[in-house]
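# Notes for the structure review
Here are the chains, one letter per residue:
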Protein chains: 2
Amino acid sequence: LLPSSEHDRVSIVLVNTRNPLNIGAAARAMSNFGFFDLRVVTPYEASFREARSAVGAVEVLTAAREFSSVAEAVADCSLVVGTTAASRREMQHPLRSLDQAGSLIAKHVRRGRTAVLFGSEKRGLSNEDLSHCHWLLRIPTREEHGSMNLGQAVAVCLYELARHTTKPHRSKPAVKAGAKPRPNGKTAAVETSAPAKAKDLERITLLLLEALRLSGYIPAPAEPSRSALADEKIRRMVRRLNLSTADAETWLGMLRQMIWKMGAGSPESP
Amino acid sequence: LLPSSEHDRVSIVLVNTRNPLNIGAAARAMSNFGFFDLRVVTPYEASFREARSAVGAVEVLTAAREFSSVAEAVADCSLVVGTTAASRREMQHPLRSLDQAGSLIAKHVRRGRTAVLFGSEKRGLSNEDLSHCHWLLRIPTREEHGSMNLGQAVAVCLYELARHTTKPHRSKPAVKAGAKPRPNGKTAAVETSAPAKAKDLERITLLLLEALRLSGYIPAPAEPSRSALADEKIRRMVRRLNLSTADAETWLGMLRQMIWKMGAGSPESP
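As the structure is a prediction and not an experimental result, all values here were calculated from the model.

Basis of the calculations
Residues numbered from 1 in each chain as written. Chains lettered and ligands numbered in written order. Predicted model: local features only at pLDDT ≥ 70, side-chain atom pairs only at ≥ 80, totals over all residues. Heavy atoms only, no water. Helix = DSSP H or I, 4+ residues; strand = E, 2+ residues; numbered from the N terminus. Buried < 20%, exposed > 50% of the residue type's maximum accessible area, 1.4 Å probe, protein only. Contact = heavy atoms within 4.5 Å. Areas by Shrake-Rupley, 256 points an atom, 1.4 Å probe, with all protein chains shown as cover. Buried area = accessible area lost by both parts, 1.4 Å probe. Salt bridge = Lys/Arg side-chain N within 4 Å of Asp/Glu carboxyl O. Polar contact = N/O pair within 3.5 Å; in protein donor to acceptor, adjacent residues only side chain to side chain. Nonpolar A, V, L, I, M, F, W, Y, C, P; charged D, E, K, R; others polar. 1 Å grid on protein atoms, 1.4 Å probe; cavity = no way out; pocket = protein on both sides within 12 Å on 5 of 7 lines; lining within 4 Å. Points joined across faces, edges and corners; volume = space filled by probe spheres on them. Axes fitted to C-alpha atoms, helices over the stretch in contact; angles between N-to-C directions. Parallel < 35°, antiparallel > 145°, perpendicular 65-115°, else oblique. Left-handed = near helix turned anticlockwise from the far one by under 90°. Arc of directions from axis to C-beta. Pairing = 2+ DSSP bridges. Right-handed = clockwise from strand over helix to strand, strands pointing away.

Next up on the list: the overall build of chain A. Assigned secondary structure in chain A consists of 10 helices and 7 strands. When burial is assessed residue by residue, chain A has 51% of its 270 residues classed as buried. Taking the intrachain contacts of chain A between residues at least 6 apart in sequence as the baseline, contacts between residues at least 24 apart amount to 83%. By element, 53% of the accessible surface of chain A is carried by carbon and sulfur atoms, the whole surface being about 13,000 Å².

Written as structure tokens, this is what we have:
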């Protein structure tokens, strides 16, 4: 079993949820299984905090944060996992079973924050949403009826995650010595070798796209839909790199330099 | 992995459910994870079959059966498992974690039908309901917020059960050779050594209570509540006996004989 602070490094991200009752249901399952960081991206109704199905989950709903894009919602996460009911649709991502996923996420949260994304009731996660993910997890439902109720899907995922992690003790949060600066003033080595956060990966993605367009590798888009496709492809590719924090910094520097060289103006100040 | 017909030997029993949407949600989770036998005991609204939350679960809802008591709903089951959120309340039953329970139920369905009982949203299962159970399973929720939404609880339990069993193929149901009469006309040995069904255990319970009252072991009840308490205690005790089908028959015969001897009239015809 893992140290208790690790539950606090899991963020549940609900994207474009239509029914506020489902947000309430997700919050209730989070509270049941001891997860407390709920993030919502452009829900259909802003009134979700009053959701009646959130029995006992007022704490989670009150602390929930709203974001206007997936990129912002996952910015501080170094692992982003999408959920899907699909087993056969053309997959651009590695697809893992829920129990594999639980084990991998439990390992990851020792070092960094993980976001688990759930899409809207009707359509699930869009391709754009998925392009922010490192990989996808699939709940093992029947092929003939794969699509789960959102609140139930969240409950099943959190049950599995809680099997692999220990529950947090809210009254006395665990503090990890390794996360503090060392006595000699240096931060622990783990800081730079830790996986890069989503906000850095997104900056790399945007700079890389700029560089590719400047270079002519990606032609100036004739139609916006083709442009979106290229963006998603590059975004996924960057997530597959498994960059560390230090490597991400290096990449940012390299890309800025190349963009400058290609004539788009002066490089950003580092 | 186990033969596919074993999913069909699991019955989900919803007792006194108040909100028909929760019956719909339970049905949807059943369909997602490949379970099809839904039984409801005196739901608050008879209109549950139209539940809107049952996306894709029409098959399950249409086939659902209504019963007027737990005893009738579980009559053909040889293992009856109650679900609870309680971890500390005074337990009269063995309490197993959900993953233990999944493994035990998967073993049991090789030989007989299992019922998994879920109580009402407000109160869970009553002591009378619980007295029909062999043991209880607990979903590992936080002690501070143990009570789950009904649909989510069903989903989590079925996810765990499906981990231990194989999904049924609805188009070509598996037929087990051992369940058929043997060529020589005898039924397989497993028939009599199989665990006794709930209806036989309930007949034993009622005869035993009659015998105990006739004998003066249980005094004629001064107040009905004390009588109910004695009934539940005896019912639980009978479930702990782990009787086989053959042993249950023997017990029925023995009790009938004792009752006759104690003067309550002629013994029932065997």
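Turning our attention to the interface of chain A and chain B. With 32 residues of chain A at the interface, the matching set in chain B holds 32 residues. Summed over both partners, the interface of chain A with chain B buries about 2,500 Å², with 50% contributed by carbon and sulfur atoms. With a closest N to O distance of 3.8 Å, Arg163 of chain A and Glu160 of chain B form a salt bridge. Put simply, chain A and chain B have 24 residue pairs in polar contact (both at pLDDT 80 or more) between them. Mapped by element, the contributors of at least two residues to the side of chain A that touches chain B are helix H1 (20-33), helix H4 (98-108) and helix H6 (150-164) of chain A. For the side of chain A that touches chain B, the residue count by class is 14 nonpolar, 11 polar and 7 charged.

In this approach a probe as big as a water molecule rolls over the atoms, and the regions it shows empty are the leftover space. Residue and element names in this part refer to chain B. The final tally for this structure, using the stated rule, is 1 cavity of 30 Å³ or more. Here the largest cavity defines a volume of roughly 40 Å³. Lining the largest cavity are Leu98, Ala101, Gly102, Ile105, Val116, Leu137, Cys157, Leu158 and Leu161. The dominant element in the lining of the largest cavity, judged by the number of residues it contributes, is helix H4 (residues 98-108), at 4 residues. Among the residues forming the lining of the largest cavity, the class breakdown is 8 nonpolar, 1 polar and no charged.

Opposite charge on two side chains lets them pair, provided their charged atoms get close. Tallying each qualifying case throughout the model produces 28 salt bridges over all chains. Between Arg163 of chain A and Asp99 of chain B there is a salt bridge, with its nearest N and O atoms 3.7 Å apart. Pair noted here: Arg163 of chain A is in helix H6 and Asp99 of chain B is in helix H4, and the two residues belong to different chains. Judged by its relative accessible area of 28%, Arg163 of chain A falls in the partly exposed class. Its relative accessible area of 35% is what places Asp99 of chain B among the partly exposed residues. The salt bridge partner of Asp37 of chain B is Arg113 of chain B, with a shortest N-O separation of 3.3 Å. Taken together, the positions of Asp37 of chain B in strand E2 (residues 37-41) and Arg113 of chain B in the loop between H4 and strand E6 (114-118) put the pair 76 residues apart, joining distant regions of the chain. Within this structure, Asp99, Glu160 and Arg163 of chain A together with Asp99, Glu160 and Arg163 of chain B form a network of salt bridges that share partners.

A few words on the packing of H6 of chain A against helix H6 (residues 150-164) of chain B. Each pair of packed helices can be described by the angle between their axes along with the distance between the axes. Direction vectors running N to C along H6 of chain A and H6 of chain B enclose 55°, while the axes themselves pass 8 Å from each other. One way to sum up the angle between H6 of chain A and H6 of chain B is to call them oblique. For the element pair H6 of chain A and H6 of chain B, the recorded crossing hand is right-handed. In this structure, H6 of chain A contributes Gly151, Gln152, Ala155, Val156, Tyr159, Glu160 and Arg163 of chain A to the contact, and H6 of chain B contributes Gly151, Gln152, Ala155, Val156, Tyr159, Glu160 and Arg163 of chain B. Of the residues contributing to the contact of H6 of chain A with H6 of chain B, the split by class is 6 nonpolar, 4 polar and 4 charged.

An α-helical segment advances 3.6 residues per turn. Residues three or four places apart therefore align on the same side. Turning to H4 of chain A, its buried residues are Leu98, Ala101, Gly102, Ile105, Ala106 and His108 of chain A. End-on, the buried residues of H4 of chain A take up no more than an arc of 160°, which puts them together on one face. On its buried face, H4 of chain A is in contact with strand E4 (79-84), strand E5 (95-97), strand E6 (114-118), strand E7 (135-138) and H6 of chain A together with H6 of chain B.

Next up on the list: the pairing of strand E2 (residues 37-41) of chain A. Residue and element names in this part refer to chain A. For E2, a buried count of 5 out of 5 residues is recorded, marking the element as mostly surrounded by other parts of the structure. In E2, alternate side chains face the same way, and those of Asp37, Arg39 and Val41 on one face and Leu38 and Val40 on the other are all buried. Where strand E1 (residues 10-15) meets E2, 5 bridges bridge the pair, whose relative direction is parallel. The residue bridging Ser11 from the neighbouring strand is Asp37, located in E2. After leaving E1, the chain enters H1 and then returns to the sheet as E2, a path that is right-handed. Judged from the 3 bridges that link them, E2 and strand E3 (residues 65-67) form a sheet pairing that is parallel.

On to unusual backbone geometry. Residue and element names in this part refer to chain A. In this structure, Asn16 takes a positive phi of about 55° despite not being glycine. Relative to the helices and strands, Asn16 resides in the loop between E1 and H1. Despite not being glycine, Thr42 has its phi angle at roughly 35°, a positive value. Within the secondary structure layout, Thr42 lies in the loop between E2 and helix H2 (58-63). Classification of Thr42 by relative accessible area gives partly exposed; the value is 33%.

Residues and elements named next belong to chain A. Taking burial as the measure, the 6 residues of E4 include 6 buried ones, the bulk of the element. In terms of strand pairing, E4 meets E7 through 4 bridges, oriented parallel. Bridge pairing in E7 links Gly82 to Leu136.

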